[in-house]
Structure formats: C-alpha cells, structure tokens
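The lines below spell out each chain.
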Amino acid sequence: QGRPLLPDRPLRGAARPGAMAPPAPREYVRFEIVDLCGRALSKTVPKRHAKSPVYMYAGAIAFGTNSEVTHFPEEIDKAGFPNAELVPDWSTEQVLPWAARPGAIVSRVHCGVRLGGAALPALPRGICARLFEELREEGFKMLIGGEQEFTLCRRGHVGRAWEPLFNGVDVFATLQNCKAMDFCYEVERCMEPVGVDITVMHAEYGAGQVEMVFAPHLGLEACDMLATFRTGTKEIAQNQGLLASFFTRPFGVEGVGNGGHFNFSLWRWRSRQDFLPFGDLGFLADMKLAAMWSTHDNAFHSAEAAEGLSVEAGRFLAGILAHAPALEALCAPTPACYTRHGHWAPPLATWGLDDRLAAVRVKADRAAHPAHCYMELRMPSAAANPYLVAAGLAAAGLDGLRRELELPPARLTKEQGAVELPTTLEAALATLEADAYMVGKLGADFVRWYTGVKRAELKFIEERLSKGARSDEEVSEAWQHLYLEAL
C-alpha cells in the first residue's frame, strides 16, 4: 500500500555491487622558483617522486622576462651551464585550486636553489629571507600588504593579439566594476584557500584595469602571497581564454599604468604582561593577525608624536628615501615603468601624510589604533618582483635605523632639495650599481645578474626599434612583445 520509500533498483549512476570505485585523483607537485624578472619557473613532479632530487638549469633565473632574451652570468658560462638542485621548502606547500584538472590535484612548493653545495646568491626569495632575518636580529618583523593593478585582456580582432576586456576610465563605477566581476569572484574564491585574503576589488582608471587589495601577512609569507596571487591570477585568466597582465603599460606609451603599491610596517614583540585581549582587536577578521597584534607593538606608531610616527619610523623612512634612487631599479624594472612618473607615480624621493603624490605615503594618526599606522611605497609598478621590493625596503630601512638618519621634512620640492628619481631604466641600473651600501646588502652577484638581464632586455628592445621609425606605436609593440604576456 503506497510506494516504497526506497527504489527497488539502483539509482541511475550509482555504483553496482562489485563495481570498481573510480580511481583516486593523481597528485602532482610544482617545484617553483621566482626569477629575477618576477616570473614563476617550475617543474611538475608526480607526488610519488616528490622526495627525489629535482634539477633546473642553474642560470634560469637570469633569462629575460620573455625567454627570447637570454643572459648568461659569467660563472654559469665558465662552469659549462650546469644544473642546480631545487630545494623545496615543504612548509610552503599548498594545493592550488585553479591548477586542478579532472583526475589531477596539483600543489606548489616554493624552492631554494643549490649549486655546488651552496645556495644560489642571486635568488630573489633567498635575498629577501636573508634581509628579513637581519630585521629580526634588530628586534623587528615586517608586516606587508599590497595593492596590485593588472589589465584584463581578451583576444583581439584582426591584426591585434590582445585588447582590453572593457573600455573607459570609470574608476569605481559600479557598472564598470561589473564588467570584470565574474573574473574577480573566481580569483577571490580560488585565492582564499591558499592564504591570499583579498579585501577589495574594483575597476581602476584604465581600459581593462582592475585593482585588488590584500590583508597583510608577515615577512616572507607576505611575499609568497603576492607571488602566488600574480601567477595564480594569470593562470585563472589563461584557463578562461583571457590574459591578466601585470605589465606596467599594456597598451600605448602614455597615461596611467599598472601600479603595485607596497604597504608595510614594523612590529616588535611585546612583554607578556602587556599582551592585549582579543576583544580589543574585534575589527580584525583574520584571527592570525589578531593573535600577532595582541602580542606585538607597531614600531611605527607613536601616541605622543604630533604626526603619530615614532622615532624609529622616521629613521626607517629616512633610509628608504636615502636609497630611493637605487630602489627605483627594483621598483621599476621595465622601460615602460618610467612613463608612470607624474601619473600618480613619484618623480622625487619624498614622503607625505596621506599624500598620493609622494614616493612614500604615510598613514599615521596619534589618536588612531596603532594597527592602522603603516607606510605605502608608491614607487613600484605592478611589474616589480615583490621579493626584490621587500628586500630593497628592508635593506634601505636598516641603514636608516643603524645610522639613526634624520627624516627630511614632508613634501619637499626639487627646489627644496628633494632628490630626483632616475627617469630611465638604464639610469636606475647605474644608480643601483653606484650605491655601495645597497650592492653590499643585496649582494654583488645579485646586482651583476640583475643589471645584466635588464640590459639584455634593453638591447633586445633597441634592436627591434632600430628597424623602424621609433613611433609610439612601434615602441608600444616592442614593449608588448617582451612583457605583455610574460608579466
């Protein structure tokens, strides 16, 4: 009487008794490094072989942004172009949601590089880790957040490989935001499981231009986060037949370009009896940050100083400004980056409270919660390698701390003595080489490798331009050829 509660035969698609279960997904590991130009390089290994040695050509990090440019460091050449071992940091292994394929799970592990029993001295992540350790020895940890702008592109019409996904310059406009929001939602969904906490997404002041903002992380973990975001966003776009380009100037040679503003502050351990209860930090969504902020003090903040900045903050900032011309070589690594000067990017080594035109925009208020005090380095373009920007900041700031440099007045003009930043990539490279302190801190081998590959890129561009009239269109095409898809 009535229908049975359960079907009298197997449901469609249900496994029959004795049927084989579907095979478990295959697992793979990407052994990944980030090269001098900020590109991820990797080898993919079945997980069963993940504990076996994995090798890569020792000079791979010195290839150009586009591998049509090759640069061979002297010691690599003399050694016969050997392989080097990729040394995984297993604490960084993460499953990448966007890399999954039917039947395949892919994780990524950041690696060091070992050549002849020693760490490769020019590896950006290794340099960054070494300088963060120097900061730790001085009693500080660097908290880093960021704002990354990129251009979202679709396949172009006849004669044009790529074009912006949308046109117009309606920054913040809701309808403009919506043109890229499906893509943004997918990026945010994929990034949260790997620790990239995106807090804001919106269209920016450029065709196809999108900005995403991140919650901060400490030290090397923050730089890993930024590297993961950049490669992951490009891969998600590629999966959809699109292109996400962090190149400074994807289309044309003028106007607003893609920036990569770098937010940072220094924190020191608080004595145990002064720990704060979590309830005082309810404005934080990230419990990991809440735990840190309950046990550490923001070394940049002062409730007594008129501008809300501590003495140490002033000295650290003074070091950054003193070495800003050399830093420009790391913050602006392509010739196109220098067209940003005067378009919300600084031409002078200056600072100012909440000043978007300064090289360093300071966010400080003596009456505000210390957690809200930080600095924003506005020099980097989106093309900059986050490990190198962070390493350069740490090195320059340490000089200011150790020499107790005096902070110059805010918003200086050129006439008042503000130092001009280099206006070309070649000038920036020469300035980096001439800064003996920065060469010593970053490493002479790194500076030689980095300037070598960047000059090889300049030579490549010059050879292309020498065949034409050097029109703006030809310059843009040469830049696009080298950087658009790779960055």
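Look a little higher up for the structure.
Notes on the structure in this doc start here. Being a predicted model, the structure only gives us computed values, none of them experimental. (Residues numbered from 1 in each chain as written. Predicted model: local features only at pLDDT ≥ 70, side-chain atom pairs only at ≥ 80, totals over all residues. Heavy atoms only, no water.)

Across its full length, the chain holds 13 helices and 17 strands. By the compact-globule yardstick of 23 Å for 487 residues, the chain fits well, its C-alpha radius of gyration being 24 Å. The buried share of the chain, taken over its 487 residues, is 53%. The contacts in the chain between residues at least 6 apart in sequence include a share of 71% that link residues at least 24 apart. (Helix = DSSP H or I, 4+ residues; strand = E, 2+ residues; numbered from the N terminus. Rg over C-alpha atoms; globule rule 2.2 N^0.38 Å. Buried < 20%, exposed > 50% of the residue type's maximum accessible area, 1.4 Å probe, protein only. Contact = heavy atoms within 4.5 Å.)

Quick look at the environment of V439 now. Mapped onto the secondary structure, V439 falls in helix α11 (residues 436–442). Using a relative accessible area of 17% as the deciding quantity, one classes V439 as buried. A C-alpha to C-alpha distance of 24 Å links V439 and G117, two positions 322 residues apart in sequence. Ignoring any residue separated from it by four or fewer positions in sequence, one finds V439 in contact with L432, E433, A444 and V447.

Inspection of the entire model under this criterion finds 14 aromatic pairs. Taken together, a centroid distance of 5.8 Å and an interplanar angle of 35° make the contact between Y57 and F63 tilted. With a relative accessible area of 21%, F63 lands in the partly exposed category. Ring geometry for F150 against F183: centres 6.4 Å apart, planes inclined by 70°, an arrangement best described as edge-to-face. Taken together, the residues F150 in strand β8 (residues 141–155) and F183 in helix α4 (residues 181–191) connect sequence positions 33 residues apart. Connected via pairs of aromatic rings, a cluster forms that spans F150, F183, F214, F229 and F246. (Phe/Tyr/Trp six-rings, centres within 6.5 Å; stacked < 30°, edge-to-face > 60°.)

Among the 10 residues in strand β11 (residues 209–218), eight count as buried, and that is most of the element. Looking at chain direction, strand β10 (residues 198–203) and β11 are connected through five bridges and run antiparallel. Considered in β11, the bridge of A203 is made with V210. The turn joining β10 and β11, which pair antiparallel and follow one another in sequence, is formed by five residues; a positive phi near 70° is taken by G208. (Pairing = 2+ DSSP bridges.)

What follows concerns the state of the cysteines. Across all of its chains, the model carries zero disulfides by this definition. Note on C111: no disulfide assigned, nearest cysteine sulfur contributed by C128 at a separation of 16 Å. Left unpaired, C337 is separated from the closest cysteine sulfur, that of C331, by 9.5 Å. (Disulfide = S-S within 2.5 Å.)

With that settled, the discussion passes to the nonpolar core. Judged by nonpolar contacts, the single largest core of 136 residues is most densely connected at M142, F229, V360, L377, L442 and F446. The leading source of residues in this core is helix α9 (residues 386–403), at 11 residues. In this structure F446 touches L36, P121, A122, I127, L330 and L388, once residues within four positions along its chain are discounted. (Core = buried A, V, L, I, M, F, W, Y, C linked by side-chain atoms within 4.5 Å.)

Relative to the helices and strands, D35 is located in the loop between β1 (26–34) and β2 (40–46). At a separation of 2.8 Å, a polar atom in the side chain of D35 contacts the main-chain amide nitrogen of R39. (Polar contact = N/O pair within 3.5 Å; in protein donor to acceptor, adjacent residues only side chain to side chain.)

It is worth spelling out the pattern of salt bridges at this point. Counted according to the given criterion, the structure contains 29 salt bridges. One salt bridge in this structure joins R154 and E163, with 3.0 Å as the shortest N-O distance. Since its relative accessible area comes to 35%, R154 is described here as partly exposed. With its nearest N and O atoms 3.0 Å apart, the salt bridge here joins R455 to E426. Of the two residues, R455 sits in helix α12 (residues 444–465) while E426 sits in helix α10 (residues 425–434), which places them 29 residues apart along the sequence. For R455, a relative accessible area of 27% translates into the label partly exposed. The structure contains a network of salt bridges with shared partners spanning D354, R361, K363, E376 and R378. (Salt bridge = Lys/Arg side-chain N within 4 Å of Asp/Glu carboxyl O.)

Before going further, it helps to examine unusual backbone geometry. Of note, the phi angle at D354 is positive, near 50°, even though the residue is not glycine. You can see D354 is positioned in the loop between β15 (351–353) and β16 (360–363). In this structure, R411 takes a positive phi of about 55° despite not being glycine. Along the chain, R411 turns up in the loop between α9 and α10.

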